Amino acid sequence: MHATVTAVVSVLLACHGSSTAAAVAATPAQPLPAGNAAAAVADAATATTTIIPASSFGTQAAFDAAWDYNYPWGTDHNGGARMDKSQSVLDTEANTLTITATPATGQKPTKHGGKTIAIHYLSGAVHAREHITVDRGTTVELAGDFRATVTKGTWPAFWLTAVDGWPPEVDMAEWKGSGKISFNTFNTSSQVAAHDVAYPSPGDFHTIRCVMRDEDGKDVNVQFYMDGKLVTTQVGKGFTGKAMYLIINLQMEGSSGSPGPKTDTEYAARGVSIIAYKS
Ligand SMILES: *[C@@H]1O[C@H](CO)[C@@H](O)[C@H](O)[C@H]1NC(C)=O
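This one's a predicted model, so the numbers in the text were calculated from it and none came from an experiment. (Residues numbered from 1 in each chain as written. Predicted model: local features only at pLDDT ≥ 70, side-chain atom pairs only at ≥ 80, totals over all residues. Heavy atoms only, no water.)

A. Seen up close, the overall build of the protein. Counting its secondary structure elements, the protein contains 3 helices and 20 strands. A burial count over the protein gives 54% of its 279 residues as buried. Of the roughly 11,100 Å² that the protein leaves accessible, carbon and sulfur atoms contribute 53%. (Helix = DSSP H or I, 4+ residues; strand = E, 2+ residues; numbered from the N terminus. Buried < 20%, exposed > 50% of the residue type's maximum accessible area, 1.4 Å probe, protein only. Areas by Shrake-Rupley, 256 points an atom, 1.4 Å probe, with all protein chains shown as cover.)

What follows is the structure in structure tokens.
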């Protein structure tokens, strides 16, 4: 999602999901991780802290407890879409959030990285209210099912970015209009692990899962899974203990090329969850 890097690097790999709960191995006696506790629900049987339950798109109240609309910093970022709350719609029966990018005219341009960017769409973003931190000695797992477009000019993403300064950034999945899915970890804007793989059947949901484990009190090991298979492993330098925003958004144009589509584009996320546990 960082414009410099996404344009420069592309490789291959990804992240997937089995049941997050089943993947957790921890003993009941272990204390809970400290950093993610505010909105957390502790499960004494597994010593797992649930930061966001997989049911958070299942009612408006559950959504409002876990998520807020737009980017944490506002409506604009590094592409041709301006986020508007009305473009993010819950289907509570399907436990699904659908974001629609709609062509728009007459919007003021935005500025990013010293550049002026024309706004051609109204689209949507949501972010987790809780900051995500991989604390020393802990693992954080993020997972969900996504139906994402790979059409030129469409740039959906499921990603983490630094609350203070930058990096850390982990792109757990992003689709940059190329037919591929990208998995990226940024040590700096020029030192980037980036892995792209072909994205199968974009009309279907695919399960993305990222397992982020503190390695040594400094660096975070990031495993990216897609549809249950480990696609790539990357290491984030100095990510331990650094707070990150979790964002689900449908940006447009920018790194995904332009012009984008002249009709509506949809991006759907289902059953997104975050858990943390002692490694
Ligand atoms: C990022 O830093 C970590 C820790 O030093 C290192 O293992 C990893 O290879 C670095 N990533 C890149 C792309 O160089």
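B. A look at the pattern of salt bridges. The full count for this structure, using the stated rule, is 4 salt bridges. A salt bridge links Asp76 to Arg82; the nearest nitrogen and oxygen atoms lie 2.8 Å apart. Here the two residues Asp76 and Arg82 agree in accessibility, since each one is buried. (Salt bridge = Lys/Arg side-chain N within 4 Å of Asp/Glu carboxyl O.)

C. Region of interest: the site of the ligand. The environment of the ligand is formed by Asn187, Gln191, Val192, Ala193, Asp219, Val235 and Lys237. In the model, an oxygen atom of the ligand is placed 2.4 Å from a nitrogen or oxygen of the Asn187 side chain. Across the complex, the protein chains shield 60% of the 360 Å² of accessible surface that the ligand would expose by itself. The residue makeup of the shell around the ligand, split by class, is 3 nonpolar, 2 polar and 2 charged. (Near = heavy atom within 4 Å. Polar contact = N/O pair within 3.5 Å; in protein donor to acceptor, adjacent residues only side chain to side chain. Nonpolar A, V, L, I, M, F, W, Y, C, P; charged D, E, K, R; others polar.)

D. Local environment of the nonpolar core. Among the nonpolar cores identified, the biggest contains 58 residues, and Trp67, Phe158, Met212, Leu246 and Ile248 are the most heavily contacted of them. With 7 residues, the top contributor of residues to this core is strand β19 (residues 244-252). Among all residues touching Ile248, those that are not within four sequence positions of it are Phe57, Trp67, Ile99, Gly124, Ala125, Val126, Ala157, Phe158, Tyr267, Ala269 and Val272. (Core = buried A, V, L, I, M, F, W, Y, C linked by side-chain atoms within 4.5 Å. Contact = heavy atoms within 4.5 Å.)

E. Spatial organisation of the sheet that holds strand β12 (residues 154-162). The sheet built from 7 strands is open, its strands ordered β3-β10-β19-β12-β13-β14-β15 with antiparallel pairing. The strands lining the two open edges of the sheet, one partner per strand, are β3 (67-69) and β15 (192-198). The mean inter-strand angle of the sheet, taken between neighbouring strand axes irrespective of direction, is 15°. The pairing of strand β14 (residues 180-186) with β15 spans 7 bridges and is antiparallel. Bridged to Lys180 within β15 is Ala198. (Pairing = 2+ DSSP bridges. Axes fitted to C-alpha atoms, helices over the stretch in contact; angles between N-to-C directions.)

F. Spatial organisation of the side chain of Asp214. One can find Asp214 in strand β16 (residues 206-214). Notably, Asp214 is buried but unbridged: the nearest opposite-charge side chain belongs to Arg136, and the N-O separation is 5.6 Å. Side-chain polar atoms of Asp214 contact the backbone nitrogen of Asp216, separated by 3.4 Å. Within the structure, the side chain of Asp214 is placed 2.7 Å from the side chain of Thr240, a separation counted as a polar contact. (Lys, Arg positive; Asp, Glu negative; His and termini not counted.)

G. Expanded view of the pairing of strand β13 (residues 169-174). Within β13, 6 of the 6 residues are buried, leaving the element largely enclosed by the surrounding structure. Looking at chain direction, β12 and β13 are connected through 5 bridges and run antiparallel. Paired with Thr161 across the strands is Glu169, a residue of β13. Count of turn residues in the β12/β13 antiparallel hairpin: 6 residues, of which Gly165 carries a positive phi of about 70°. Of the pairings in the sheet, the one linking β13 to β14 comprises 3 bridges and is antiparallel in character. Counted as the bridge partner of Glu174 is Ser182 from β14. Connecting β13 to the next strand, β14, in antiparallel fashion are 5 residues, including Gly177 with a positive phi near 70°.

H. Quick look at the environment of Thr154. For Thr154, the position within the fold is in strand β12. In this structure the C-alpha to C-alpha distance between Thr154 and Gly257, which are 103 residues apart in sequence, comes to 7.8 Å. If we ignore the near neighbours within four places in the chain, the residues touching Thr154 are Thr149, Trp175, Lys176, Gly177, Gln251, Met252, Glu253, Ser256, Pro261 and Thr265. A polar atom in the side chain of Thr154 sits 2.7 Å from the backbone oxygen of Thr151.

Geometric descriptors of this kind do not, in isolation, establish any biological role.
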